[in-house]
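Working through the structure, step by step
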Amino acid sequence: MFKRTGVLTAIGAAAAAVVLAAPSAVAAPTSWTISPTGTFKGTAGVTVLTDNNGNKIQCASSAAQGSAPTSPVAGSPAKLATITAISFNSPCTGPFSSTWTVTTTPPWEIWGLDYAAGAGTNSTGQTTGEIRAIKAKVSGTSVLGPCTFDVTGKVAAKYNNPTTGGSNGTLNTAGGGLTLTIANKVGGGCGIVGTTASFQGLYTLVSTTTGKSPVISG
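Structural notes, computed from the coordinates. (Residues numbered from 1 in each chain as written. Predicted model: local features only at pLDDT ≥ 70, side-chain atom pairs only at ≥ 80, totals over all residues. Heavy atoms only, no water.)

Considerations on the state of the cysteines
Throughout the structure, instances matching the rule amount to 2 disulfides. Disulfide partner of Cys59: Cys92, at an S-S distance of 2.0 Å. In this structure the cystine formed by Cys59 and Cys92 twists about its S-S bond by roughly 105°; its chirality is therefore right-handed. With Cys59 in strand β4 (residues 56-59) and Cys92 in strand β8 (residues 92-93), this pair connects stretches of sequence that are 33 residues apart. (Disulfide = S-S within 2.5 Å. Helix = DSSP H or I, 4+ residues; strand = E, 2+ residues; numbered from the N terminus.)

Side note on the packing of aromatic side chains
Overall, the coordinates contain 2 aromatic pairs when judged by the stated rule. A ring pair is formed by Phe88 and Phe199, whose centres lie 5.9 Å apart and whose planes are at 85°; its orientation type is edge-to-face. With a gap of 111 residues between them, Phe88 in strand β7 (residues 78-88) and Phe199 in strand β15 (residues 196-200) connect regions that are remote in the sequence. We note that Phe88, like Phe199, is buried. In this structure, Arg132 packs its charged tip against the face of Trp111, placed 4.4 Å from the ring centre. (Phe/Tyr/Trp six-rings, centres within 6.5 Å; stacked < 30°, edge-to-face > 60°. Buried < 20%, exposed > 50% of the residue type's maximum accessible area, 1.4 Å probe, protein only. Lys NZ or Arg CZ within 6 Å of the ring centre and 35° of its normal.)

Description of the pairing of strand β12 (residues 145-160)
Bridge count for strand β11 (residues 126-142) against β12 is 15 bridges, and the pairing is antiparallel. Looking at β12, one finds that Thr128 is bridged to Lys158. Pairing of β12 with strand β14 (residues 180-186) involves 4 bridges; the strand directions are antiparallel. Bridge assignment links Asp150 to a residue of β14, and that residue is Ala183. Taken together, the 3 bridges between β12 and strand β13 (residues 169-172) define a ladder with antiparallel strand orientation. Pairing of Lys158 across the sheet is with Asn172, part of β13. (Pairing = 2+ DSSP bridges.)

A word on a nonpolar patch on the surface
Nonpolar side chains collect at one region of the surface, where Phe96, Val143 and Leu144 lie side by side and expose about 300 Å² of accessible area between them. In this fold, Leu144 is placed in the loop between β11 and β12. (Patch = residues over 30% accessible without salt bridge, like charges linked within 9 Å, V, L, I, M, F, W, Y side chains within 5 Å. Areas by Shrake-Rupley, 256 points an atom, 1.4 Å probe, with all protein chains shown as cover. Salt bridge = Lys/Arg side-chain N within 4 Å of Asp/Glu carboxyl O.)

Quick notes on the pairing of strand β16 (residues 202-207)
With 5 bridges joining them, strand β2 (residues 38-44) and β16 adopt antiparallel strand pairing. For Phe40, the partnering residue across the bridge sits in β16 and is Ser207. In this sheet, β16 lies alongside β13 in antiparallel orientation, the contact comprising 4 bridges. Looking at β16, one finds that Thr170 is bridged to Thr204.

Focus on the nonpolar core
Generally speaking, nonpolar side chains in soluble globular proteins are found buried as a group. Ranked by internal contacts, the top residues of the largest apolar core, which has 42 residues, are Leu49, Phe88, Ile131, Phe149, Leu171 and Tyr203. Excluding residues that lie within four positions of it along the chain, Tyr203 makes contacts with Gly42, Thr43, Ala44, Thr47, Ser62, Ile86, Phe88, Gly169, Thr170 and Leu171. (Core = buried A, V, L, I, M, F, W, Y, C linked by side-chain atoms within 4.5 Å. Contact = heavy atoms within 4.5 Å.)

The following block contains the structure:
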């Protein structure tokens, strides 16, 4: 009996040690701090739009502009920034020797859902959220013919705080499980285009005032 009790006690102690040693759980803040606020710009290398049929439209670069409100920002979730302009280099390339142009309709919105201190690429904090209110028109042509379609919806995103005092804060849209909606397909070349899509891009964000990346904390 004593031996069994000792084993159970040891197991309980070990479990408690694991819990105490584990990083703090990601929490949904009720107030967010952004520094600096104001206008920012974002730049990305290759971006990829992949539909549910596996077709990829790849753009060599992308640029964005936006603004972050004066903090603290209340809410859970909370709108942390507005993307006021976003563009993709033209032409973008796709299957069957196709070329594409992407025309966006801002504003898009950056929302924060959760925050984890000490997480992210630089171990200086990571915000998990979404880019919402996405709206764009994609037009192209290939050996299959012309095609135009609309892309709307939201994608998952994570913002990694910069290194201390750095200008390498990044907004990453890879993964996350959310899909965009493809609709209003017009043209013979649209026959292979799917009905949903994912978007992958890695944007470096910097303040237009300080040249440093914003730091977001919750």
